[in-house]
Amino acid sequence: MSFSDTLFQTPVLALPFTHLLLCMVQLTLLGGVLMFFRPLLVGIVRALVLVVRPRPTKGELAARRQRAQAAAVGSH
């Protein structure tokens, strides 16, 4: 029993060459489409992240900064 038979539990030559070629072409086309629309997809993901975890307001950031400064002064 060869390594590929053990790994996949199916013979490697069971897939017809045309099926393998078709899968490779489809993966290549999918990769090309994803690369073409990458800026759009990155923008959509960033927007979804902001919906789930919004940025703190300027007031919240200022309060956090003041607490950090007070903790730093208090520890000295």
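Computed from a predicted model, the values in this text were never measured in an experiment.

**Topic: the overall build of the protein**
Regarding its fold elements, the protein presents four helices and zero strands. When the helices and strands of the protein are listed from N to C terminus, the series reads α-α-α-α. Burial statistics for the protein: of 76 residues in total, 1% are counted as buried. Within the structure as shown, the protein displays about 7,300 Å² of accessible surface, and the carbon and sulfur contribution to it stands at 72%.

**A short note on the packing of aromatic side chains**
Any pair of aromatic rings gets described here by the distance separating the centres and the angle formed by the planes. All chains considered together, the criterion is met by one aromatic pair. Where Phe36 meets Phe37, the ring centres are 5.0 Å apart and the plane angle is 90°; that geometry is what we call edge-to-face. Judged by its relative accessible area of 40%, Phe37 falls in the partly exposed class.

**Comments concerning the packing of helix 2 (residues 17-36) against helix 3 (residues 38-52)**
For any two helices packed against each other, the geometry is given by the interaxial angle and the distance between the axes. One can describe the packing of helix 2 onto helix 3 by two numbers: an axis separation of 4 Å at closest approach and a directional angle of 65°. One element, helix 2, and the other, helix 3, form an angle in the roughly perpendicular class. Each of Leu34, Met35 and Phe36 in helix 2 lies in contact with helix 3, whose residues at this interface are Arg38, Pro39 and Leu41. Tallied by class, residues from the contact of helix 2 with helix 3 come to five nonpolar, no polar and one charged.

**Looking at the confidence of the model for the protein**
Scored by pLDDT, the protein has a mean of 85; 78% of the residues are at 70 or more. Averaged pLDDT values for the elements of the protein fall to 63 in helix 1 (residues 3-8) and rise to 95 in helix 3.

The rules behind the values
Residues numbered from 1 in each chain as written. Predicted model: local features only at pLDDT ≥ 70, side-chain atom pairs only at ≥ 80, totals over all residues. Heavy atoms only, no water. Helix = DSSP H or I, 4+ residues; strand = E, 2+ residues; numbered from the N terminus. Buried < 20%, exposed > 50% of the residue type's maximum accessible area, 1.4 Å probe, protein only. Areas by Shrake-Rupley, 256 points an atom, 1.4 Å probe, with all protein chains shown as cover. Phe/Tyr/Trp six-rings, centres within 6.5 Å; stacked < 30°, edge-to-face > 60°. Axes fitted to C-alpha atoms, helices over the stretch in contact; angles between N-to-C directions. Parallel < 35°, antiparallel > 145°, perpendicular 65-115°, else oblique. Contact = heavy atoms within 4.5 Å. Nonpolar A, V, L, I, M, F, W, Y, C, P; charged D, E, K, R; others polar. pLDDT = per-residue confidence, 0-100.

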